[in-house]
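# Working through the structure, step by step
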Amino acid sequence: MEYELEELIPVVAELARKYTSGESTSITYERANHLMEAVLYCIHQCESGNALTGGERLTAQQAYQLGFQKVCEKTKQTQEQYNRMIGEFFGYGNENYEDTVRKAIPGFFRLYNPRFAPQETIITMDYPVLMPPDQYSGIDAIEAYLACVCLEQQFMGAFPEEYVIGILKSYQADYQSQFYNLCRILLRHILGKMMIAECTNSEEDTEVYTVLQVRIGRYSKEEWKERLKKKIHQMILQKWDGNRELEAYLKLDVDDFVSEFMLAAEHHNLDKVIVL
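Everything numeric in this text was worked out from a predicted model, so none of it was measured.

## Points about the overall build of the protein
- Each helix and strand counted, the protein has eleven helices and zero strands in total.
- Along the chain direction, N to C, the helices and strands of the protein fall in the order α-α-α-α-α-α-α-α-α-α-α.
- Whereas a compact globule of 276 residues would reach a radius of gyration of roughly 19 Å, the protein reaches 24 Å, over 25% beyond that.
- Counting only C-alpha atoms and orienting by the principal axes, one finds that the protein spans roughly 80 × 40 × 35 Å.

Okay, structure coming up:
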């Protein structure tokens, strides 16, 4: 929904009155811009609002109020989702992962102001997920980020903790202090094992990276992308009851993975990309 400036100014003025507790409507230019952003953010949340009015166009004030309610509801729902997840959360000893999930996200909920600053994301979300919420802000960014964390916990949590930690240590001894995605390392390990399993008599060959090196050269980059996506699909069907969200999430790493292991194969250092 698009609104002219003259439609938005009264909404911002009302918000400014609440911001100053009714004592004054005089605020700085910067604060006025900030409140305008808050109003626009809430209006954006109200894209489906017309369905509530029989198709009639909402006024800017109506759209703002509906959007504000949606922001509050989304904040409550996201915090509830976080509370459910954190009871089972395991950070595998990675300091950045632990700090981001256990400290930064709760910090967001403590500081977030749906009324006067719904557009502010507040925290940096330093732990990198496979689908960074860069295109979002405010509660939308936290909601998207938390969804990724939950999917990663579901994926890694299906394996014994000591197994996952063993893979991470094999990848890098000091993984605990690193700032990369843990889920990606485990996924690449599993896919590498699946690739090796296709090789005839591969179990008899102790030089597994040599076997994999030969295997990689048999297909093009695009062929590998399709093959690995099919492997992820099969894996999700077997172990996660066909969870489509998890499947789509894990497939986000396929393009980078293929590019990296094909380049590594050329330089004979596959162990830098895949832990076997």
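## Quick look at empty space enclosed by the protein
- Applying the stated criterion across every chain yields a total of one cavity of 30 Å³ or more.
- The calculated volume of the largest cavity comes to roughly 30 Å³.
- The wall of the largest cavity is formed by Val11, Glu14, Leu15, Lys18, Gln61, Tyr64, Gln65 and Arg115.
- Every element with two or more residues in the lining of the largest cavity is listed here: helix H1 (5-19) and helix H3 (60-86).

## Observations concerning the nonpolar core
- Of all hydrophobic cores here, the largest spans 86 residues; its most connected members are Tyr97, Phe155, Leu182, Ile216, Leu228, Leu250 and Phe261.
- In terms of residue count, the dominant contributor to this core is helix H5 (residues 138-156) (eleven residues).
- If we ignore the near neighbours within four places in the chain, the residues touching Leu182 are Gly91, Tyr92, Asn94, Tyr97, Tyr127, Met156, Leu168 and Tyr175.

## A word on the layout of surface pockets
- Its boundaries defined by the atoms lining it, the largest pocket holds a volume of some 150 Å³.
- When its residues are assigned to classes, the lining of the largest pocket shows five nonpolar, one polar and two charged.

## Overview of the packing of aromatic side chains
- With the rule as written, the count across this model stands at 16 aromatic pairs.
- Considering the side-chain rings of Phe90 and Tyr92, the 4.7 Å spacing of their centres and the 85° angle between planes classify their relative orientation as edge-to-face.
- Given the relative accessible area of 27%, Phe90 is considered partly exposed.
- Among the aromatic side chains, those forming a connected cluster through ring pairs are Tyr82, Phe108, Phe109 and Tyr112.
- For Arg227, the ring lying beneath its charged end belongs to Trp224, and the centroid distance is 5.8 Å.
- Of note, Lys239 hangs over the ring of Phe159, and the distance from its end group to the ring centre comes to 5.2 Å.

## What to know about helix H8 (residues 208-216)
- Those residues of H8 lying buried are Val211, Leu212, Arg215 and Ile216. The buried residues of H8 occupy an angular sector of 135° when the element is viewed end-on, so they sit on one face.

## What to know about the pattern of salt bridges
- Summed over the entire model, instances satisfying the criterion amount to eleven salt bridges.
- Two residues, Lys103 and Asp99, come together in a salt bridge whose shortest N-O distance is 3.5 Å. Taken together, the residues Lys103 and Asp99, both in helix H4 (residues 95-111) and four residues apart, mark about one turn of the helix.
- Overall, the relative accessible area of 56% leaves Lys103 in the exposed class.
- Put simply, Glu260 and Arg188 hold a salt bridge, and the shortest N to O gap is 2.8 Å. Of the two residues, Glu260 sits in helix H11 (residues 254-266) while Arg188 sits in helix H7 (residues 182-197), which places them 72 residues apart along the sequence.
- One network of salt bridges, in which partners are shared, links Arg184, Arg188, Asp253 and Glu260.

## Regarding helix H6 (residues 161-171)
- Buried within H6 are the following residues: Val164, Ile167 and Leu168. Around the axis of H6, the buried residues are gathered within 95° of arc, so they sit on the same side. Every exposed residue of H6 that faces more than 90 degrees away from the buried side is listed here: Glu162 and Ser170.
- Elements in contact with the buried residues of H6: H5 and H7.

## Side note on unusual backbone geometry
- Non-glycine residue Ile122 carries a positive phi angle of around 75°.
- Structurally, Ile122 is set in the loop between H4 and H5.
- Judged by its relative accessible area of 38%, Ile122 falls in the partly exposed class.
- The phi angle at His268 is positive, at roughly 55°, despite the residue not being glycine.
- Residue position: His268 is located in the segment after H11.

## What about the side chain of Asp140?
- Inspection of the secondary structure puts Asp140 in helix H5.
- The exposure class assigned to Asp140 is buried, which follows from its relative accessible area of 12%.
- Those residues within four positions of Asp140 in sequence are excluded, and the remaining contacts are Tyr41, Gln45 and Lys74.

Rules and cut-offs
- Residues numbered from 1 in each chain as written.
- Predicted model: local features only at pLDDT ≥ 70, side-chain atom pairs only at ≥ 80, totals over all residues.
- Heavy atoms only, no water.
- Helix = DSSP H or I, 4+ residues; strand = E, 2+ residues; numbered from the N terminus.
- Rg over C-alpha atoms; globule rule 2.2 N^0.38 Å.
- 1 Å grid on protein atoms, 1.4 Å probe; cavity = no way out; pocket = protein on both sides within 12 Å on 5 of 7 lines; lining within 4 Å.
- Points joined across faces, edges and corners; volume = space filled by probe spheres on them.
- Core = buried A, V, L, I, M, F, W, Y, C linked by side-chain atoms within 4.5 Å.
- Buried < 20%, exposed > 50% of the residue type's maximum accessible area, 1.4 Å probe, protein only.
- Contact = heavy atoms within 4.5 Å.
- Nonpolar A, V, L, I, M, F, W, Y, C, P; charged D, E, K, R; others polar.
- Phe/Tyr/Trp six-rings, centres within 6.5 Å; stacked < 30°, edge-to-face > 60°.
- Lys NZ or Arg CZ within 6 Å of the ring centre and 35° of its normal.
- Arc of directions from axis to C-beta.
- Salt bridge = Lys/Arg side-chain N within 4 Å of Asp/Glu carboxyl O.

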